[in-house]
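Structural characterization, general
Chain by chain, the residues run as shown.
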Amino acid sequence: MTRPLGRRLALLCAALIATAVAACDTASDDPAFVPPSAAAPSGSTAPEPAPAAFAGWHDPAQTGKPWGDKVKGLLTFRGNPTRTFHGTGPLPKTKPEELWRFPKTGNMCRPSVDEHGERIWCGMGWTGQPAVFERDGKTWIVFGAYDGKVHFLDAASGERLLPDFTTNDIIKGSVTIDPDGFPLVYTGSRDDYFRIIAIDGDKPKELWKLSAYAVKPTLWNNDWDSSAIIIDDYLFEGGENSQFHIVKLNRGYDANGKVTVNPKLIWNTPSWDEKLIKEAGHKTFSVENSVNVSGNTIYFANSAGLVQGWDISGLKSGQKPKRVLRFWTGDDTDGSIVSDEKGMLYVGSEYEKKNARSKTVGQLMKLDPSKPDDPLVWKIDERNGGTYSTAALHKDVVIFGTHAMDLVGVDRETGKERWRQHVPGMGHGSPVIVDDVLVIGDCNAGWLNAYDVADTSVAPKLLWKVKPGACIESTPAVWNGVIYVGTRAGQLHALALR
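What counts as what
- Residues numbered from 1 in each chain as written.
- Predicted model: local features only at pLDDT ≥ 70, side-chain atom pairs only at ≥ 80, totals over all residues.
- Heavy atoms only, no water.
- Salt bridge = Lys/Arg side-chain N within 4 Å of Asp/Glu carboxyl O.
- Helix = DSSP H or I, 4+ residues; strand = E, 2+ residues; numbered from the N terminus.
- Buried < 20%, exposed > 50% of the residue type's maximum accessible area, 1.4 Å probe, protein only.
- Disulfide = S-S within 2.5 Å.

1. Some points on the pattern of salt bridges
Following the criterion strictly, the structure yields 31 salt bridges and no others. Among the ionic pairs, Arg498 bridges to Glu97, the shortest N-O distance being 3.2 Å. Of this pair, Arg498 sits in the segment after β37 (492-496) while Glu97 is found in strand β2 (residues 97-102), placing the two residues 401 residues apart along the sequence. Classification of Arg498 by relative accessible area gives exposed; the value is 69%. Accessibility expressed as a relative area gives 43% for Glu97, which makes it partly exposed. When salt bridges with common partners are traced through the structure, they connect Lys70, Asp178, Asp180, Asp233, Lys248 and Arg251 into a single cluster.

2. Comments concerning unusual backbone geometry
Most of the time, phi is negative for any residue but glycine, and the peptide bond is trans. Residue Phe102 is joined to Pro103 through a cis peptide bond whose omega torsion reads -10 degrees. Here Pro103 lies in the loop between β2 and β3 (109-114). Between Lys216 and Pro217 the backbone carries a cis peptide bond, its omega angle lying at -5 degrees. The topology assignment puts Pro217 in the loop between β12 (205-211) and β13 (229-231).

3. Observations regarding the state of the cysteines
What the rule picks out here adds up to 2 disulfides. Paired through a disulfide, Cys109 and Cys122 show a sulfur-sulfur distance of 1.9 Å. Taking the torsion about the S-S bond as the criterion, the Cys109 to Cys122 disulfide, at about 115 degrees, is right-handed. Separated by 13 residues along the polypeptide, Cys109 in strand β3 and Cys122 in strand β4 (residues 117-122) bring together distant segments of the chain. Given the relative accessible area of 26%, Cys109 is considered partly exposed. Cys122 gets classed as buried once you look at its relative accessible area, which sits at 15%. Linked covalently through their sulfurs, Cys443 and Cys471 form a disulfide whose S-S length is 1.7 Å.

Below, the structure written as structure tokens:
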């Protein structure tokens, strides 16, 4: 019997609905089932897989970012292995006030002897950047000072969290906090030793120290100004003994839960070679800058201007580092090498010797380490003393301070100078940039200056300046919008908006 057309359409629709319901019932028990409505539309692309974890020592793509996620903070000079993390805001754009100072009365001073004889040293100098980090629900500040002590403060009040740790001479550089969460502080001193200090007791405890004379030959002095880098249980550190050192830390905990180390010096190399002795004409070969780690290479320079890169890709399997970059700047290179997300290096050098090499390669250089035979990409001539500070990467420019007290902004790609801003009295501290605000001190009147660097094409405008004490040649630390800076008057100051 032939059914009417309307009846046939109704039966067909019912059959289709029944089939769809059956399919859905079956799919509910099938984890691989994808309903038609959820399928990718025609012409669309599947989501891209997450990028693979970086297989080397330190991913250059982490330039400008915090040093890992195990410990929150500014853990070493300039924050991370590429020396490019400056801290966290919001950084004040109007004049901040002093929250506290340490010590409340008196100052941090002691006598010390250098090539100029004995004199009294006070406060904090080059590089002198405090470490600021979160631990056990508190924000800690740890720093070494010219009183020869390491101080451990509560950032909220400026009060001591632990008693001071005393060394036998002044401390010039910046401490490093263990990035993997071990309660350890790494610091040098002018008293011959680089130390590892535990902070998990009621007072700081020295667990190990390395003498500047533990290796041979040495060609300069016994200071330790460099800030160490720790990656995967290895410590990288340069010394003014003119050597570079790698230490296997062997960190752990004992049966009582107290941190332990069993360090072994596994490799060291001179910061010079015979060619440098002939080129430089002297043997002042200290390492005062802080090591840079980018990719599988460590970079450092010395006081004769020799920049070296050493491949450490095989270190964990027992292979010795291999030198892959040798570049001579011609003059003292104390500022730390900074590297960008592409692995390019930015190197600042002084201008004291006034030799032919310094005139050829300039005082701020961009180097491409993938071209070791000719790495110079561009250079800036700065013939009035050059630069002592560490450059700062900011958006599309690199900013550095000169001995002639100028801040200079340079296009990172072309090397063209975009602007120059004179900062009267500016010392040898390094510029710090957070939230498009640059802060830097002066060593004349003692001002801490803040500039607006949001627009990188024009010279920055002064936002504010405050005078916390006296000469500021140390590098400020910025964490959660608070500025911590030491002065040569002998105190550390915390500054913020109230």
